[in-house]
Amino acid sequence: MGSGRRSLSYETSFRIKVLIIALIFGIAIFMIVYYPLLSHQTNPWGVAAPKGQIILAQNFSLDGVSYTNAIPFTSSNNALVLKGNDDMGETLTMRVTTPDWCIDLWVWGGSSSGWQRKYECAREIEMSQYAFKRLPTHEANEILYWYLESGYVIVLHKDGEVQKDELVNFTITYGGKTDWGAFKVGFKG
């Protein structure tokens, strides 16, 4: 009497193994090639920098206002870089979340007006999206990096003594989307 078990022929078992291997490679190729395209974020809005970098504190004056151990975000140092590709509204909001830190926003009013302080030691400021110039990345023109225009200076400073390696956190909200930024305070020397 037979055991009731049928064995597969060599050809059938070989075909099944080849089919399984082809299926595994097909899934791997799909995950590598097509999944990133299908799951592509249409507007990768966010803070590109700073994300925890050390930024050197500076002592400087702007239109008669002196700052000690403050962090300026300017067009020349590009310390603040945003990313995104969609126009999601006129204004964006920056909010500092670290206690005792605040924001001053300076705007160039032209040669007749000079620098004007729009916000003085505020925890939250609103800025026009046009305060940033948008440049495409080298990899793909669909993602734009936002750099502060030359007529704007954002100064983060502390009401009190600044500590070395102190972590300063902030958020930026644009079009209902919020992302975080952070930096550590460094000193020269």
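Let's shift gears to the state of the cysteines. Taken as a whole and assessed by the stated rule, the structure comprises one disulfide. Each sulfur in the disulfide pair cysteine 102 and cysteine 121 lies 2.0 Å from the other. Because the sign of the S-S torsion sets the handedness, a value of about -90° for the bond joining cysteine 102 and cysteine 121 places this disulfide among the left-handed ones. Placement of the pair is cysteine 102 in strand S7 (residues 101-108) and cysteine 121 in strand S8 (residues 115-122), with a sequence separation of 19 residues. Residue classification places cysteine 102 among the buried residues on the basis of a relative accessible area of 2%.

Turning to the confidence of the model for the protein, a few remarks are in order. Predicted confidence across the protein gives a mean pLDDT of 86, with 87% of residues reaching 70 or more. Within the protein, no element has a lower average pLDDT than helix H1 (residues 10-38), which sits at 82, and none a higher one than S7, at 96.

Ranked by internal contacts, the top residues of the largest apolar core, which has 33 residues, are Phe73, Ile154 and Leu156. At the level of elements, strand S4 (65-73), strand S6 (91-96), S7, strand S9 (124-128), strand S11 (144-148), strand S12 (152-158), strand S13 (167-174) and strand S14 (177-186) are the ones that each hand at least two residues to this core. If we skip the residues at most four places from it in the chain, phenylalanine 73 touches Pro50, Ile55, Ala79, Leu80, Met94, Leu148, Tyr152, Val153, Ile154, Leu156, Phe170 and Phe183. One finds Leu62, Val65, Tyr67 and Val155 within the second-largest nonpolar core, a separate group that totals eight residues.

With five bridges connecting them, strand S2 (residues 51-56) and S14 associate as parallel partners. Across the sheet, the residue bridging to lysine 51 is alanine 182, located in S14. Where S13 and S14 come together, eight bridges link them in antiparallel fashion. For asparagine 169, the partnering residue across the bridge sits in S14 and is alanine 182. Between S13 and the antiparallel strand that follows it, S14, lie two residues; glycine 175 among them carries a positive phi value of about 60°.

On inspection of all chains with the given rule, the structure shows five salt bridges. Note that glutamate 120 and arginine 117 form a salt bridge whose closest N and O atoms lie 3.6 Å from each other. Classification of glutamate 120 by relative accessible area gives exposed; the value is 58%. The partly exposed category is assigned to arginine 117, whose relative accessible area is 31%. A single network of salt bridges, built from pairs that share partners, joins Asp104, Arg117 and Glu120.

Turning to the packing of aromatic side chains, a few remarks are in order. In total, this model carries eight aromatic pairs according to the counting rule given. Look at phenylalanine 132 and tryptophan 146: their rings are 6.0 Å apart centre to centre, the planes differ by 50°, and that puts the pair in the tilted class. Taken together, the residues phenylalanine 132 in strand S10 (residues 132-136) and tryptophan 146 in strand S11 connect sequence positions 14 residues apart. For the pair shown, phenylalanine 132 and tryptophan 146 are each scored as buried. Seen from their ring centres, tryptophan 146 and tyrosine 174 are 5.2 Å apart, and the 75° between their planes marks the pair as edge-to-face. Taken together, the positions of tryptophan 146 in strand S11 and tyrosine 174 in strand S13 put the pair 28 residues apart, joining distant regions of the chain. Through a chain of ring-to-ring contacts, three or more aromatic side chains come together here, namely Phe73, Trp101, Phe170 and Phe183.

Attention now moves to the pairing of S4. Of the strand pairs in this sheet, strand S3 (residues 58-62) and S4 are connected by four bridges, and their pairing is antiparallel. Note on S4: the bridge partner recorded for phenylalanine 60 is tyrosine 67. Between S3 and the antiparallel strand that follows it, S4, lie two residues; aspartate 63 among them carries a positive phi value of about 50°. Pairing of S4 with S12, which is carried by three bridges, proceeds in the antiparallel orientation. The residue of S12 that forms the bridge with proline 72 is valine 155.

Rules used in this analysis
Residues numbered from 1 in each chain as written. Predicted model: local features only at pLDDT ≥ 70, side-chain atom pairs only at ≥ 80, totals over all residues. Heavy atoms only, no water. Disulfide = S-S within 2.5 Å. Helix = DSSP H or I, 4+ residues; strand = E, 2+ residues; numbered from the N terminus. Buried < 20%, exposed > 50% of the residue type's maximum accessible area, 1.4 Å probe, protein only. pLDDT = per-residue confidence, 0-100. Core = buried A, V, L, I, M, F, W, Y, C linked by side-chain atoms within 4.5 Å. Contact = heavy atoms within 4.5 Å. Pairing = 2+ DSSP bridges. Salt bridge = Lys/Arg side-chain N within 4 Å of Asp/Glu carboxyl O. Phe/Tyr/Trp six-rings, centres within 6.5 Å; stacked < 30°, edge-to-face > 60°.

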